Amino acid sequence: MFVSNALIGLREGLEAALVVVILLAFLVKTNRTWGIRFVWLGVGTAIVLSVALGAVLTYGTRQLSFEAQEAVGGTASIIAVGFVTAMVFWMKSAARSISGELKGKLDRALDLGPLAVALVGFLGVGREGLETAIFFYATAQAAGSGNNVPLLGWVLGFAGAILLGYLMYKGALKINLSKFFRYTGIALVVVAGGILAYGIHDLQEAGFLPGLNTLAFDVSHVIDSSTWYAALLKGIFNFTPQTTVLQAIAWTLYVATVLFFFLRPARSSGPAPTPAADPARQTATAGPA
Amino acid sequence: MRRTLALTAVAALGLVACGEDEGSVSDGAGAAGSADTALTVTATDDACTLSATTATPGSIAFTVTNSGSKVNEFYVYSGEDIVGEVENIGPGLTRTLTVDDVAAGTYETACKPGMSGDGIRAAFTVR
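Residue positions are given per chain, counted from 1 along the sequence in the order it is written. Labels follow written order: the first chain is A, the first ligand is 1, and so on. Local features are withheld for residues below a pLDDT of 70 in this predicted model, meaning they are given only at 70 or higher, and side-chain atom pairs are given and counted only at 80 or more; totals for whole chains, interfaces and linings count all residues. Side-chain numbers here rest on the full set of heavy atoms in the structure, without hydrogens or water.

Looking at the overall build of chain A
Okay, so step 1: Secondary structure summary: chain A contains 11 helices and 2 strands in total.
Okay, so step 2: Only DSSP runs of H or I reaching four residues or more are called helices, and only runs of E reaching two or more are called strands; each is numbered from the N terminus. In sequence order, chain A lays out its α and β elements as α-α-α-α-α-α-α-α-β-α-β-α-α.
Okay, so step 3: We call a residue buried when its accessible area falls under 20% of the maximum for its residue type, exposed when it is over 50%, and partly exposed in between, using a 1.4 Å probe and counting protein chains only. When the 289 residues of chain A are sorted by exposure, 53% land in the buried category.
Okay, so step 4: Any two residues whose heavy atoms approach within 4.5 Å are treated as being in contact. In chain A, 82% of the contacts between residues at least 6 apart in sequence involve partners at least 24 apart.
Okay, so step 5: For every accessible area listed, the method is Shrake-Rupley and the probe measures 1.4 Å; residues are considered covered only by the protein chains on display. Accessible surface, chain A as shown: approximately 12,200 Å² in total, 69% of it carbon and sulfur.

Laid out in structure tokens, this is it:
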């Protein structure tokens, strides 16, 4: 009872923390400390909204329909992927301006504004914040009727995720700058690919996208969903043992395309507009929804 | 670039807001107490017991209690389509799934202990 509720907390905490951790590390690493408070503003707004809405749905007479909840989670996930993709190319341009390939002026033009930074924090945490809040209230209700093991498990699991996120942040700050851009960029692309697949699955469950039962693969007999490593795989990469064809295609297309443009060496003679156009194009390719 | 991002941002917020609005407005009579039919489901690692397997058309609230040791999920299917689902029902927890405007017909309920496979299925009739 303790362990399985702790694993839910761990998974949900990691899902929320990863993008935020990488964004914060990037801002600190490149002396864009102005952005930090906007990240926390977005994260804070997401938490307050989720906790409040979760309370209304748990203790009030209103309930969010299943379709609406999946549609919100799915749509927010896919929008989050768009912003994370923009962030990846922002990183690429920042890496180049630091290595002197581009003038600082272009870097500033490519910079995400405060609103966008806040939105990455908001969507990263908010996309599944409501589900997490409602789950939290369910453990609180169990505690209220005399069983506090689920609540204790969830809190410790969630705290474990925050600790892991903090360690990743500390680790990322130690890497040297050029490796930092490459590794965190690749990590972000893979994480965003997972968020995209997750969002698509939500929309498939709600019936907004077809193909829920058309599986690309099913390894649920090998990877038991209730194990700790399945929780980590889901929390970090959003990997699910049963993956639909549409999820697999979207993930592959997204990761392959974005990694190609991210890792492609910059042409030093090339004019400025090319990198600026990239994020929009990637988002369009990656969003079959 | 910054302007494009800001515009996308506003659109994003709008979408999220719309989704939430739609849900809470369309099903004001949602919670377990105010649904047309309120049922309980007892889920364990190898059983899925409903307090009744029939209901009248309208909203149905399934209050699912997991008394097993594995994380459970509860689904209502119409053919292959999901009519409603509630995930992350940890051991020892009770969570409610409310489905609105259920029309007369034959459905299927499923508990999925361990979050995988087809689950423990049973026929459910609305008439």
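Notes on the overall build of chain B
Okay, so step 1: A count of helices and strands for chain B gives 1 helix and 9 strands.
Okay, so step 2: Mapped from its N terminus to its C terminus, chain B presents α and β elements in the order α-β-β-β-β-β-β-β-β-β.
Okay, so step 3: Residue burial in chain B is summarised as follows: out of 127 residues, 47% are buried.
Okay, so step 4: Restricting the contact set of chain B to residue pairs at least 6 apart, pairs at least 24 apart contribute 53%.
Okay, so step 5: Surface accessibility of chain B: about 5,600 Å² in total, with carbon and sulfur atoms responsible for 53%.

Brief notes about the packing of aromatic side chains
All names here are of chain A.
Okay, so step 1: Two rings from Phe, Tyr or Trp (for Trp, the six-membered ring) form a pair when their centres sit within 6.5 Å of each other. Planes less than 30 degrees apart are called stacked, planes more than 60 degrees apart edge-to-face, and all others tilted. Applying the stated criterion to the full structure yields 14 aromatic pairs over all chains.
Okay, so step 2: With a centroid separation of 5.5 Å and 80 degrees between ring planes, the pair formed by tyrosine 59 and tyrosine 137 is classed as edge-to-face. Here tyrosine 59, found in helix H2 (residues 36-59), pairs with tyrosine 137, found in helix H6 (residues 129-144); they are 78 residues apart in sequence, far enough to count as distant.
Okay, so step 3: Overall, the relative accessible area of 10% leaves tyrosine 137 in the buried class.

Description of the sheet that holds strand S9 (residues 120-126) of chain B
Okay, so step 1: The strand order across the open sheet formed by 5 strands is S3-S9-S8-S5-S6 (chain B), and the pairing between neighbours is mixed. The open sheet has two free edges, formed respectively by strand S3 (54-55) and strand S6 (81-89) of chain B, since each of these has just one partner strand. A pair of strands is labelled paired if DSSP reports no fewer than 2 bridges between them.

So, the confidence of the model for chain A
Okay, so step 1: pLDDT is defined as a per-residue confidence score from the predictor, taking values between 0 and 100. For chain A, mean pLDDT is 87; residues scoring 70 or higher make up 87% of the total.
Okay, so step 2: In the predicted structure, residues 269-289 of chain A sits below a pLDDT of 50 and forms 28 contacts with residues beyond four places in sequence or in another chain.

What to know about the pattern of salt bridges
Okay, so step 1: The salt bridge definition used is simple: a Lys or Arg side-chain nitrogen within 4 Å of an Asp or Glu carboxyl oxygen. Per the counting criterion, the structure on display carries 3 salt bridges over all chains.
Okay, so step 2: Where A:Lys234 meets A:Glu15, a salt bridge forms, and the shortest distance between an N and an O atom there is 3.5 Å. One end of the pair, A:Lys234, is in helix H9 (residues 228-237); the other, A:Glu15, is in helix H1 (residues 2-29), and 219 residues separate them in sequence. Across the pair, A:Glu15 and A:Lys234 agree in class, each one buried.
Okay, so step 3: For the salt bridge of B:Arg95 with A:Glu131, the shortest nitrogen-to-oxygen distance reads 3.0 Å. With B:Arg95 in strand S7 (residues 94-102) and A:Glu131 in helix H6, the pair connects residues from two separate chains.
Okay, so step 4: Assessed through its relative accessible area of 6%, B:Arg95 is described here as buried.
Okay, so step 5: Of the residues examined, A:Glu131 reaches a relative accessible area of 11% and is grouped as buried.

Regarding the nonpolar core
Okay, so step 1: In this structure, A:Leu23, A:Phe26, A:Val39, A:Leu123 and A:Tyr254 are the most contacted members of the largest nonpolar core, which totals 54 residues.
Okay, so step 2: Broken down by secondary-structure element, the contributors of at least two residues to this core are H1, H2, helix H3 (66-98), helix H5 (114-126), helix H7 (149-174), helix H8 (177-205) and helix H10 (245-263) of chain A.
Okay, so step 3: Per element, the largest residue contribution to this core is 13 residues, and it comes from H3(A).
Okay, so step 4: Here the nonpolar core consists of buried residues drawn from Ala, Val, Leu, Ile, Met, Phe, Trp, Tyr and Cys, with membership extended through side-chain atoms lying within 4.5 Å. Core analysis: the next-biggest nonpolar cluster, separate from the first, contains 27 residues, B:Leu39, B:Ala43, B:Ile82 and B:Ala110 among them.

Describing the packing of H1(A) against H7(A)
All names here are of chain A.
Okay, so step 1: Helix axes use the C-alpha atoms of the stretch in contact, all axes being lines fitted to C-alpha atoms, and the angles between their N-to-C directions lie in the range 0 to 180 degrees. Contact geometry of H1 with H7 gives a least axis separation of 6 Å together with a crossing angle of 25 degrees. Relative to H7, the element H1 is oriented roughly parallel. For the crossing formed where H1 meets H7, the hand is right-handed.
Okay, so step 2: A breakdown of the residues in the contact of H1 with H7 according to their chemical character gives 22 nonpolar, 7 polar and 3 charged. Convention used here: angles under 35 degrees read as roughly parallel, angles over 145 as roughly antiparallel, angles from 65 to 115 as roughly perpendicular, and any remaining angle as oblique. Handedness of a crossing is defined here by the sense of rotation of the near helix relative to the far one, left-handed for an anticlockwise turn of less than a right angle and right-handed for a clockwise turn. Under the convention adopted here, Pro, Cys and the residues Ala, Val, Leu, Ile, Met, Phe, Trp and Tyr are nonpolar, Asp, Glu, Lys and Arg are charged, and Gly plus all remaining residues are polar.

Structural notes on the pairing of strand S8 (residues 105-111) of chain B
Okay, so step 1: The pairing of strand S5 (residues 72-78) of chain B with S8(B) spans 4 bridges and is antiparallel. By the bridge assignment, B:Tyr75 is partnered in S8(B) with B:Ala110.

Structural notes on H5(A)
Residues and elements named next belong to chain A.
Okay, so step 1: For a helix, the expected span equals 1.5 Å multiplied by the residue count minus one. Its 13 residues give H5 an end-to-end C-alpha distance of 18 Å, which sits within 8% of 18 Å, the value for a rise of 1.5 Å per residue.
Okay, so step 2: For H5, the tally of buried residues reaches 10 of 13 residues, placing the bulk of the element in the interior.
Okay, so step 3: The complete set of buried residues in H5 reads Ala116, Val117, Ala118, Leu119, Val120, Gly121, Phe122, Leu123, Gly124 and Val125.

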